[in-house]
Amino acid sequence: MARKIKEIKRFDFKDKQVLEGLAKTGIMEKQDLLKFITENRVDTYLHEKNSLIKECYCDRHHVTYYRLTEKGKDLVKDKYGVTPYKYNSYNHDRIMRDEYMKLSQSEQLRTLSEPDFRAFVRETIIQDKHSYDDEKRYKAIELEQLMKDGTYSLPDLATIKDEDFYEGMTIELSDFTVYESVSENYKQYQIDSKNAFAQGVGCTMSMTYTYK
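Rules behind the numbers
Residues numbered from 1 in each chain as written. Predicted model: local features only at pLDDT ≥ 70, side-chain atom pairs only at ≥ 80, totals over all residues. Heavy atoms only, no water. Helix = DSSP H or I, 4+ residues; strand = E, 2+ residues; numbered from the N terminus. Expected span 1.5 Å × (residues − 1). Buried < 20%, exposed > 50% of the residue type's maximum accessible area, 1.4 Å probe, protein only. 1 Å grid on protein atoms, 1.4 Å probe; cavity = no way out; pocket = protein on both sides within 12 Å on 5 of 7 lines; lining within 4 Å. Points joined across faces, edges and corners; volume = space filled by probe spheres on them. Nonpolar A, V, L, I, M, F, W, Y, C, P; charged D, E, K, R; others polar. Salt bridge = Lys/Arg side-chain N within 4 Å of Asp/Glu carboxyl O. Phe/Tyr/Trp six-rings, centres within 6.5 Å; stacked < 30°, edge-to-face > 60°. Arc of directions from axis to C-beta. Contact = heavy atoms within 4.5 Å. Core = buried A, V, L, I, M, F, W, Y, C linked by side-chain atoms within 4.5 Å. Lys, Arg positive; Asp, Glu negative; His and termini not counted.

1. Concerning helix H1 (residues 13-25)
Right, on to step 1. Over its 13 residues, H1 runs 18 Å from end to end, which matches the ideal 18 Å to within 8%, given 1.5 Å per residue.
Right, on to step 2. Counted residue by residue, H1 has 10 buried out of 13 residues, so it is predominantly covered.
Right, on to step 3. Restricting attention to buried positions, one finds in H1 the residues Asp15, Gln17, Val18, Leu19, Glu20, Gly21, Leu22, Ala23, Lys24 and Thr25.
Right, on to step 4. With its phi angle positive at about 100°, glycine 26 sits one or two positions after the end of H1.

Listed below in structure tokens is the structure:
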């Protein structure tokens, strides 16, 4: 007899982990989901009453994977305050998924999706432009201009590693480790602008080429 699936009304910490992970990286495969939730819970997510995730297939890699639905994206934004990353492709996003799954639980929770890291950079610029510190104001104005003219481009994913974090710290851009997945359609200027951002603000860049 088929299991009767009801609408999800309660979400626990494991739900938070998997839904935030999907929002921050774009994709997960079944084995990734099962590190957080049960097979039954996956089925519940997929059911039309809930429809938090959808099943997709990559012909190039012959693999089934999962992405958030629009309902899932709205839930993650409203419930957990995470702005979902805009899906690129399986080939691109699998690298971010791989890097994310290597992180500790605390690092995963500190990880910012690309749009949330963009918001953090924007807020940093605004705050520093109003600083009493002349050097901070100058650097903020310079960073804003370099972002506007495309000299700097933001990475796919950003986190603060455990060894760089302590409670009560004032978080600076230089505290982040950032990740970039470089697929075959990237132009050299795009790669250069990602590296230039990391070098310019002093954060650690981890860049992976999907076609090598």
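2. Some points on empty space enclosed by the protein
Right, on to step 1. Taken as a whole and judged by the stated rule, the model has one cavity of 30 Å³ or more.
Right, on to step 2. Estimates place the volume of the largest cavity at around 70 Å³.
Right, on to step 3. Around the largest cavity sit Leu22, Gly26, Arg67, Leu68, Lys73, Pro84, Tyr85, Lys86 and Tyr87, which together line it.
Right, on to step 4. Residues of the lining of the largest cavity, tallied by class, amount to five nonpolar, one polar and three charged.

3. Digging into the pattern of salt bridges
Right, on to step 1. Taken as a whole and assessed by the stated rule, the structure comprises 16 salt bridges.
Right, on to step 2. In this structure, arginine 110 and aspartate 162 form a salt bridge, with 2.6 Å as the shortest nitrogen-oxygen distance. With arginine 110 in helix H6 (residues 105-110) and aspartate 162 in the loop between strand E4 (157-159) and strand E5 (177-182), this pair connects stretches of sequence that are 52 residues apart.
Right, on to step 3. Connected via shared salt-bridge partners are Glu29, Asp32, Arg97 and Asp98.

4. Considerations on the packing of aromatic side chains
Right, on to step 1. For the structure shown, the criterion picks out six aromatic pairs.
Right, on to step 2. Here the aromatic rings of phenylalanine 120 and phenylalanine 176 are separated by 5.3 Å at their centres, their planes lie at 65°, and the arrangement is edge-to-face. Here phenylalanine 120, found in helix H7 (residues 114-129), pairs with phenylalanine 176, found in the loop between E4 and E5; they are 56 residues apart in sequence, far enough to count as distant.
Right, on to step 3. We classify phenylalanine 176 as buried; its relative accessible area is 3%.
Right, on to step 4. Between the aromatic rings of tyrosine 152 and phenylalanine 197, the centroid separation amounts to 6.0 Å while the plane-to-plane angle is 85°, which identifies the pairing as edge-to-face. Residue tyrosine 152 is found in the loop between helix H8 (134-148) and E4, and its partner phenylalanine 197 is found in helix H9 (residues 188-201); the two are separated by 45 residues along the sequence.

5. Looking at helix H3 (residues 39-46)
Right, on to step 1. Those residues of H3 not exposed but buried are Val42, Thr44 and Tyr45. All buried residues of H3 lie within an arc of 160° about the axis, which places them on one face of the element.
Right, on to step 2. At its buried positions, H3 is contacted by H1, helix H2 (30-33) and strand E1 (53-58).

6. Observations regarding the nonpolar core
Right, on to step 1. Counting residues in hydrophobic clusters, the biggest one holds 26 residues, and the most contacted among them are Val18, Leu19, Leu33, Tyr45 and Ile53.
Right, on to step 2. Breaking this core down by element, the ones donating at least two residues are H1, H3, strand E2 (63-68), helix H4 (70-80) and helix H5 (90-102).
Right, on to step 3. Top contributing element to this core by residue count: H1, with four residues.
Right, on to step 4. In this structure, valine 18 is in contact with Met28, Leu33, Phe36, Ile37 and Tyr45, ignoring residues within four places of it in sequence.
Right, on to step 5. Within the second largest apolar cluster, 16 residues are counted, among which are Phe117, Tyr152, Phe197 and Val201.

7. Details of unusual backbone geometry
Right, on to step 1. In this structure, serine 51 is a non-glycine residue whose phi angle is positive, near 40°.
Right, on to step 2. Within the element layout of this structure, serine 51 appears in the loop between H3 and E1.
Right, on to step 3. Of note in the backbone geometry, histidine 62 takes a positive phi value of approximately 55° without being a glycine.

8. Observations concerning the side chain of aspartate 116
Right, on to step 1. By secondary structure assignment, the location of aspartate 116 is in helix H7.
Right, on to step 2. Buried charge without a partner: aspartate 116 forms no salt bridge, and the closest opposite charge is lysine 77, 4.6 Å away.
Right, on to step 3. In contact with aspartate 116, not counting residues within four places along its chain, are Gly81, Val82 and Thr83.

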